[in-house]
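Residues per chain, in single letters:
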Amino acid sequence: MISSLFRALFFVALLVGAWMIYENFTGRASHMRDFDPKQVASLETEMWRSYYDRERVKLFNQLAELMRTQYHMSFTKSNSVAYQAARAAFVFKDGKKREDYEQALPHLVNFYQAIREGSDIPFDVQKAAKLELEWWIIHRQRDKYDKGDLDRALAELPAEIYQLPADRLMKHARLRQEAMTLRDKRAAAGGVSETDWKKIDAMLQESWLSLWEEVNK
């Protein structure tokens with residue numbers, strides 16, 4: 001009886017292992033320009049809410065959904081990649097200075113490496129990770145930077161990923177910056193209302209549509 005149970009468990013373990021190998025190594029090509037701007041914008045709005053509310057599990061699940069729906073990752077890989085992104089976000093959130101923020105970089109490198117492995121565009125993983133972290137820092141310490149620096153930083157990241165001139169992506173960047181600024185101002189004034197979040201979502205909808213139009217010209 002016990003030996004039969006062990007054989008059954010062993011067989012199940014083999015099946016699970018085979019499924020995980022299949023999921024991770026059969027490869028699902030991601031056509032980087034083929035994303036749904038409306039869905040990306042909605043997910044970004046929700047991820048911002050989760051991040052600022054320190055809802056780690058919720059942010060993880062939203063990131064995993066983004067990986068599956070927009071980058072066509074398997075269930076297993078999407079969860080692994082989402083962990084790296086969520087870990088980077090909260091390492092950064094708990095930081096106080098640049099040296100602290102840079103502790104998030106290895107997780108961002110892992111995140112972009114996973115995206116690059118399935119991407120049809122040969123972007124530089126290290127550069128993309130550093131550009132991601134840089135705009136996070138500029139946003140956090142915007143009083144130390146010139147006006148327009150955040151817009152430029154927000155344009156340079158997708159410019160690297162899509163291998164396009166940053167100037168073509170400034171509308172996308174400006175709208176994202178305006179959405180961030182609205183959230184920051186409302187939070188500083190006492191709280192972000194549901195009406196505010198609807199405005200933020202509308203800005204992000206327009207922002208991601210602008211990006212989609214540019215990368216698909």
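Everything that follows concerns the structure shown earlier in this document.
Below you will find a few notes about this structure. Note that the structure is predicted; figures quoted are calculated from it, not measured. (Residues numbered from 1 in each chain as written. Predicted model: local features only at pLDDT ≥ 70, side-chain atom pairs only at ≥ 80, totals over all residues. Heavy atoms only, no water.)

Observations regarding the environment of Asp184
Tracing the backbone through its elements, the reader meets Asp184 in helix α9 (residues 170-188). Counting along the chain gives 45 residues from Asp184 to His139, while the straight-line C-alpha distance between them is 9.9 Å. The residues touching Asp184, leaving out its near neighbours within four places in the chain, are Tyr52, His139 and Arg142. Reaching out from Asp184, the side chain makes a polar contact with the side chain of His139 at a distance of 2.7 Å. (Helix = DSSP H or I, 4+ residues; strand = E, 2+ residues; numbered from the N terminus. Contact = heavy atoms within 4.5 Å. Polar contact = N/O pair within 3.5 Å; in protein donor to acceptor, adjacent residues only side chain to side chain.)

Considering helix α10 (residues 194-215)
Taking 1.5 Å of rise per residue, 22 residues should cover 32 Å, and α10 covers 31 Å from first to last C-alpha, within 8% of that figure. Those residues of α10 that fall on the buried side of the exposure criterion are Asp196, Trp197, Ile200, Leu204, Ser207, Trp208, Ser210, Leu211, Glu214 and Val215. Buried residues of α10 fall within an arc of 150 degrees about the axis and therefore sit on the same side. Tucked into the core, α10 has its buried residues touching α2 (37-52), α8 (149-162) and α9. (Expected span 1.5 Å × (residues − 1). Buried < 20%, exposed > 50% of the residue type's maximum accessible area, 1.4 Å probe, protein only. Arc of directions from axis to C-beta.)

Side note on the pattern of salt bridges
Evaluated as defined, the whole model comprises 17 salt bridges. For the salt bridge of Glu102 with Arg98, the shortest nitrogen-to-oxygen distance reads 3.9 Å. Of the charged contacts, one joins Arg168 and Glu214 as a salt bridge, the two residues approaching to 3.0 Å between their closest N and O atoms. Linking Arg168 in the loop between α8 and α9 with Glu214 in helix α10, this pair joins segments that are 46 residues apart in sequence. Among the residues examined, Arg168 registers a relative accessible area of 33% and is labelled partly exposed. In this structure Glu214 comes out as buried when scored by relative accessible area, which is 15%. It is possible to trace a salt-bridge network through shared partners that takes in Arg54, Arg56 and Asp94. (Salt bridge = Lys/Arg side-chain N within 4 Å of Asp/Glu carboxyl O.)

Concerning the nonpolar core
Phe92, Tyr112, Ile115, Phe123, Leu133, Trp135 and Tyr162 are the most contacted members of the largest nonpolar core, which totals 64 residues. Elements with a contribution of two residues or more to this core: α2, α3 (56-70), α4 (75-93), α6 (105-117), α7 (125-140), α8, α9 and α10. Residues in contact with Trp135, not counting those within four places in the same chain, are Leu150, Ala153, Leu154, Leu157, Arg176 and Met180. (Core = buried A, V, L, I, M, F, W, Y, C linked by side-chain atoms within 4.5 Å.)

Looking at the side chain of Ser50
Assignment of secondary structure puts Ser50 in helix α2. In contact with Ser50, not counting residues within four places along its chain, are Glu55, Lys58, Leu59 and Gln62.

With respect to the packing of aromatic side chains
According to the stated counting rule, one finds nine aromatic pairs in the structure shown. On the basis of an interplanar angle of 85 degrees and a centroid distance of 6.3 Å, the ring pair of Tyr112 and Phe123 is categorised as edge-to-face. Taken together, the residues span a long stretch of sequence, with Tyr112 in helix α6 and Phe123 in the loop between α6 and α7 at a distance of 11 residues. The same class applies to Tyr112 and to Phe123, which are both buried. Judged by centre distance (6.4 Å) and plane angle (90 degrees), the rings of Trp135 and Trp136 are edge-to-face. The residues Trp135 and Trp136 share a single accessibility class, namely buried. (Phe/Tyr/Trp six-rings, centres within 6.5 Å; stacked < 30°, edge-to-face > 60°.)

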